[in-house]
Amino acid sequence: MSKDTVIRRPLLANGERLKAKATRPRSSRDNKFHPVTTAEAHALLAPQVNTMMRSLETLSPEVVGRHVVIEATLYPNYLAPSHFPAEVLKAAGVYVVGARAAYATKRTAKRVLEDQTTRTLLLAGAPAAVKRLAKQVSDAPSWHNEKQWEELRRFSAVGLPPIESVIVGRPVEPQRPSITFEAVLSHIFDDPEHEAVWADENFARFALMVRSRGGVVDAEYRRDVGGLTFVPVLAPAGAMNRIAEFNLLRALRPMPEFAPFPEDSLRVVHSHPKLSRACRAGERPLHTIAVFDGGVNDKLPVFAPFVKTYPLTTQPAGGIALKHGSMVTSALLYGSVDPASTLPDPTVNIDHYRVFPMPPLQKGAPDHRLYDVLDKIKATLQQHHYPIVVLSIGPNDSIDEHSEPDRFTAELDALAFEQDITFIVAVGNNGELDTELGYDRVQPPGDMVNGIGVGAITRNPRDPKKRWHRANYSARGPGREGQRVQPLVVEFGGSDDELFVGFDDRGRLTTAAGTSFASPTVGRAVGGLQSLIEAARHRADIFRVFTVHHAERGRGHGKQYCNLGYGRVPASFAPAFECASNEVTVLYEDELPRGESTALRFPFPRGLPVDAKFELFWTLSYVADVDPRDATDYTLTGIETIFRPDSRKHTLTDPNTKKTTPVDTVADRTQIAAALAAGSRLSEEPSAHSNWSLTKGEQLLRRDGKWETVMPGRVLLKAGELFEPRLDLLHLRRENGRLVKGKAIQPLRFAMMLTIRCLSNHAVYDMVASQYRVLTPLVRLPVRMTTVA
């Protein structure tokens with residue numbers, strides 16, 4: 001073994017061997033404070049349902065299906081799935097077909113908070129079922145309907161979906177004679193087995209209605225995704241309001257086009273770096289990444305023998321699309337090129353699928369080309385498995401977390417979950433557009449919850465410390481629920497002050513700037529990780545936990561949902577496999593059964609001075625299945641976490657006063673024994689750290705990451721405050737807004753990386769290695785290459 005592969009203090013694995021069962025304590029969060037009385041709720045809602053029923057009677061038969069869609073907005077007090085009004089909806093015979101974000105007033109015992117986030121439920125049912133629900137609301141509260149009103153009072157508004165909520169974007173050029181829109185329809189059914197049949201029936205009804213308003217529905221490109229139907233529609237701009245009258249229409253918006261390729265900064269650099277050692281030796285890496293872009297000349301020496309091109313379009317390669325595809329491929333192979341140096345060895349091979357240029361738009365037909373490209377990406381990845389896929393393309397459309405996810409995002413999130421693919425995607429170059437209108441927000445599929453969204457940074461030459469900053473053009477967060485921190489990470493993408501350098505379609509060094517080049521640079525690092533770990537760990541949860549945990553934090557990371565994500569990705573993960581003497585990093589891998597609480601114990605060493613200062617930080621990652629119908633509950637799985645720093649610290653609860661007293665089970669044994677004899681109760685589990693308070697409401701828990709697929713944590717404590725510390729995990733599952741349980745729910749696989757760092761520079765690594773023998777080194781594999789035949 002060569003000297004550079006010898007690791008003296010290797011990253012440790014098998015952290016899951018330290019786990020133990022935990023008891024889930026009762027909590028006081030989301031107490032039953034009601035913002036309105038049942039009488040107040042009746043006075044508010046009864047007129048609304050009366051108006052709703054009169055409106056239903058006037059609806060034309062051409063705009064409704066067998067079932068009717070209505071909406072009901074919850075007070076923010078009832079955001080938690082445990083408050084879902086299941087019984088009253090079941091009694092009426094209506095069911096949930098989706099939800100979108102909303103704002104409402106939250107009242108507590110002490111405060112009134114305006115414009116708090118909540119959710120509007122989209123409900124469906126037969127006309128008779130909707131009438132039953134209306135009658136429940138119309139009947140004044142009394143002793144015989146008390147249980148119904150306990151749930152009905154959770155609604156702040158009930159009615160038909162207004163056209164303003166269906167139209168989620170207006171055309172930029174309304175004067176054009178016809179415009180392609182994207183229509184999104186909700187699925188309805190009396191039985192899940194009838195969903196597909198009824199979807200066909202309602203689609204035909206919708207197409208007929210659109211035709212009557214001077215439009216055409218592109219039935220060939222109808223796509224059903226998770227309880228929704230997406231379809232392109234060509235219609236006059238002035239017909240939007242009339243089309244939006246269709247009751248089952250969830251959303252109507254102008255069909256986005258693909259984001260333009262950055263070309264303003266493309267300049268040829270007259271320099272010729274030497275080919276890499278691997279290229280000269282005819283060697284190739286062992287692993288391959290897929291890229292979908294504008295193509296590349298794979299015969300050029302800088303790209304061969306590492307790149308193979310597969311055309312997925314009949315259009316000839318060329319133009320700005322080919323330049324962009326070449327620059328993306330160059331970034332994935334070499335990062336930003338130093339013209340004066342020898343090219344580095346690539347970390348991966350590339351299968352480059354050319355999806356651009358797209359065919360010309362057909363006159364008089366809807367523009368379905370975005371759908372066509374997505375279909376080709378999806379079909380390719382279903383046929384050929386790639387653990388990692390890089391995308392620097394996507395719709396030119398900022399996210400709106402109030403609406404359902406873009407089809408691009410929903411389809412790729414589902415693929416990531418089903419096939420364990422790590423998508424590394426650019427978040428967009430729209431960061432300098434209007435903030436108030438939200439035009440600077442992350443673009444699809446950069447808002448994926450199961451991927452790695454990448455933003456761009458650059459260095460300011462006028463900064464004496466040469467610190468990196470967000471590139472002005474890089475799209476801003478936050479993302480949607482499930483991954484609110486977007487971009488997830490950042491990497492150098494170039495700017496006017498310091499341009500990104502790569503090879504164009506003629507093999508010339510060219511400069512550019514964009515998140516399009518930051519994302520493949522991250523792909524180069526993550527792709528190289530494949531060569532360092534065994535194949536069994538080539539999983540999305542592992543790739544993402546490495547990426548986030550070892551990202552370099554920059555200025556501004558104290559802000560929530562900052563636009564720098566979790567930091568800059570290292571050029572190589574090789575250094576992460578060795579720890580400093582004053583720290584230890586441990587990898588945990590396990591599965592969480594639904595409803596069981598698991599304690600992941602931290603290997604904190606014994607025998608340290610009580611005043612020794614420590615930083616503990618961890619990153620937890622998993623891949624979730626998603627519900628594209630629900631903008632507020634998009635991820636269906638979540639993990640609730642509680643950090644318990646000291647196993648000796650508990651609480652005593654007086655049965656009469658309910659007062660709690662903190663105690664130390666070692667130092668306060670006499671006090672505890674007396675209290676227990678008097679009837680007090682000692683908590684089963686150690687006390688939680690204040691940042692993991694059990695009294696937090698659902699809004700704070702969501703903000704802190706309860707349903708996020710990447711969950712970091714960090715504490716600064718002294719050794720005297722740490723004794724057998726642990727992180728308790730509880731796997732949660734929700735469907736249609738309510739928590740669900742059962743043995744049929746699959747365990748949730750996750751990965752967690754923990755670093756314990758002594759800021760007082762004690763030799764922590766050796767202490768942990770000797771005291772926790774169940775932890776074994778995660779051996780870094782030597783990088784191997786194959787010889788080209």
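That block above? That's the structure.
Below you will find a few notes about this structure. (Residues numbered from 1 in each chain as written. Predicted model: local features only at pLDDT ≥ 70, side-chain atom pairs only at ≥ 80, totals over all residues. Heavy atoms only, no water.)

### With respect to the overall build of the chain
What the chain contains, in helices and strands, is 16 helices and 36 strands. Its C-alpha atoms give the chain a radius of gyration of 28 Å, near enough to 28 Å, the size a compact globule of 789 residues would have. Judged by the C-alpha coordinates and their principal axes, the chain covers about 85 × 80 × 50 Å. The proportion of buried residues among the 789 residues of the chain is 58%. Of the contacts made within the chain by residues no fewer than 6 positions apart, 82% connect residues no fewer than 24 positions apart. Here the chain has roughly 33100 Å² of accessible surface; of this, 51% comes from carbon and sulfur atoms. Charge-centre separation for the chain: the mean point of 98 positive side chains lies 4 Å from the mean point of 91 negative side chains. (Helix = DSSP H or I, 4+ residues; strand = E, 2+ residues; numbered from the N terminus. Rg over C-alpha atoms; globule rule 2.2 N^0.38 Å. Buried < 20%, exposed > 50% of the residue type's maximum accessible area, 1.4 Å probe, protein only. Contact = heavy atoms within 4.5 Å. Areas by Shrake-Rupley, 256 points an atom, 1.4 Å probe, with all protein chains shown as cover. Lys, Arg positive; Asp, Glu negative; His and termini not counted. Charge placed at Lys NZ, Arg CZ, Asp CG, Glu CD.)

### What about the packing of helix α10 (residues 369-383) against helix α11 (residues 407-419)?
At their nearest, the axes of α10 and α11 sit 11 Å apart, and the two run at 5° to each other. One finds that α10 runs roughly parallel with respect to α11. For the pair formed by α10 and α11, the contact residues are L370, Y371, L374, D375, I377, K378, L381 and Q382 on the first element and R407, F408, E411, L412, L415 and Q419 on the second. (Axes fitted to C-alpha atoms, helices over the stretch in contact; angles between N-to-C directions. Parallel < 35°, antiparallel > 145°, perpendicular 65-115°, else oblique.)

### Re the pairing of strand β4 (residues 95-107)
Two faces, one strand: in a regular strand the side chains alternate between the faces of the sheet. Burial within β4 is extensive, with 11 of its 13 residues counted as buried. Bridge count for β4 against strand β5 (residues 112-125) is 11 bridges, and the pairing is antiparallel. Pairing of A101 across the sheet is with R119, part of β5. Connecting the antiparallel pair β4 and β5 is a turn made up of four residues. (Pairing = 2+ DSSP bridges.)

### Considerations on empty space enclosed by the protein
With the rule as written, the count across this model stands at three cavities of 30 Å³ or more. Size it by volume and the largest cavity reaches roughly 50 Å³. Around the largest cavity, the lining residues are L185, S186, H187, I188, W198, A199, N202, F203, T229 and L248. For the lining of the largest cavity, the secondary-structure elements that each account for two or more residues are β7 (179-186) and α6 (195-212). Of all the elements, α6 adds the most residues to the lining of the largest cavity, at four residues. In terms of residue class, the lining of the largest cavity is built from six nonpolar, four polar and no charged. (1 Å grid on protein atoms, 1.4 Å probe; cavity = no way out; pocket = protein on both sides within 12 Å on 5 of 7 lines; lining within 4 Å. Points joined across faces, edges and corners; volume = space filled by probe spheres on them. Nonpolar A, V, L, I, M, F, W, Y, C, P; charged D, E, K, R; others polar.)

### Topic: the pattern of salt bridges
When charged atoms on two side chains of opposite charge get close, those side chains can pair. Applying the stated criterion to the full structure yields 46 salt bridges. Here R119 and D633 are joined by a salt bridge, their closest N and O atoms 3.2 Å apart. Of this pair, R119 sits in strand β5 while D633 sits in the loop between β26 (613-621) and β27 (637-644); the two residues are 514 residues apart in sequence, bridging distant segments of the chain. With its nearest N and O atoms 3.0 Å apart, the salt bridge here joins D367 to R369. Through salt bridges with shared partners, a single ionic network connects D420, E534, R537, R539, D541, E589 and R749. (Salt bridge = Lys/Arg side-chain N within 4 Å of Asp/Glu carboxyl O.)

### Brief notes about the sheet that holds strand β30 (residues 681-682)
Spatially, three strands are ordered β29-β28-β30 in an open sheet, and the strand pairing comes out antiparallel. Two strands lie at the open edges of the sheet, namely β29 (660-664) and β30, each paired on one side alone. Pairing of strand β28 (residues 649-653) with β29, which is carried by five bridges, proceeds in the antiparallel orientation. Across the sheet, the residue bridging to L652 is T661, located in β29. Here helix α14 (residues 669-677) sits on the sheet and contacts β28, β29 and β30; the angle it forms with β29, its principal contact strand, is near 140°.

### Digging into the sheet that holds strand β3 (residues 68-74)
Taking strand neighbours across the sheet as the criterion, the four strands line up as β4-β5-β3-β6 in an open arrangement whose pairing is antiparallel. The two strands at the open ends of the sheet, each matched to only one other strand, are β4 and β6 (155-159). Each strand axis lies, on average, 20° off the axis of its neighbour in the sheet, ignoring direction. In this sheet, β6 lies alongside β3 in antiparallel orientation, the contact comprising four bridges. Considered in β6, the bridge of L74 is made with F155. Each of β3 and β6 is contacted by helix α1 (residues 38-58), which is oriented at about 15° to β6, the strand it contacts most. Here helix α3 (residues 127-138) sits on the sheet in contact with β3 and β5, set at roughly 30° to β3.

### Looking at unusual backbone geometry
Peptide bonds are trans in most cases, and residues, glycine excluded, mostly fall at negative phi. Backbone torsion omega between A304 and P305 reads 5°, so that peptide bond is classified as cis. Looking at where P305 falls in the secondary structure, it is placed in the loop between β14 (288-293) and β15 (307-311). A cis amide bond, omega -5°, links Q486 with the succeeding residue P487. Secondary-structure assignment places P487 in the loop between β20 (468-470) and β21 (489-492). The backbone of D115 sits at a positive phi, close to 50°, despite the residue not being glycine. Within the secondary structure, D115 sits in strand β5. Residue N761 is not a glycine yet carries a positive backbone phi of 65°.

### Here we look at the packing of helix α9 (residues 319-334) against helix α12 (residues 515-529)
Running from amino to carboxyl end, α9 crosses α12 at an angle of 35°, the nearest separation of the two axes being 7 Å. α12 is crossed by α9, and the crossing has right-handed handedness. Here α9 contributes H324, M327, V328, A331, L332, L333 and Y334 to the contact with α12, which in turn contributes S516, F517, P520, T521, G523 and R524. Its residues placed into classes, the contact of α9 with α12 shows eight nonpolar, four polar and one charged. (Left-handed = near helix turned anticlockwise from the far one by under 90°.)

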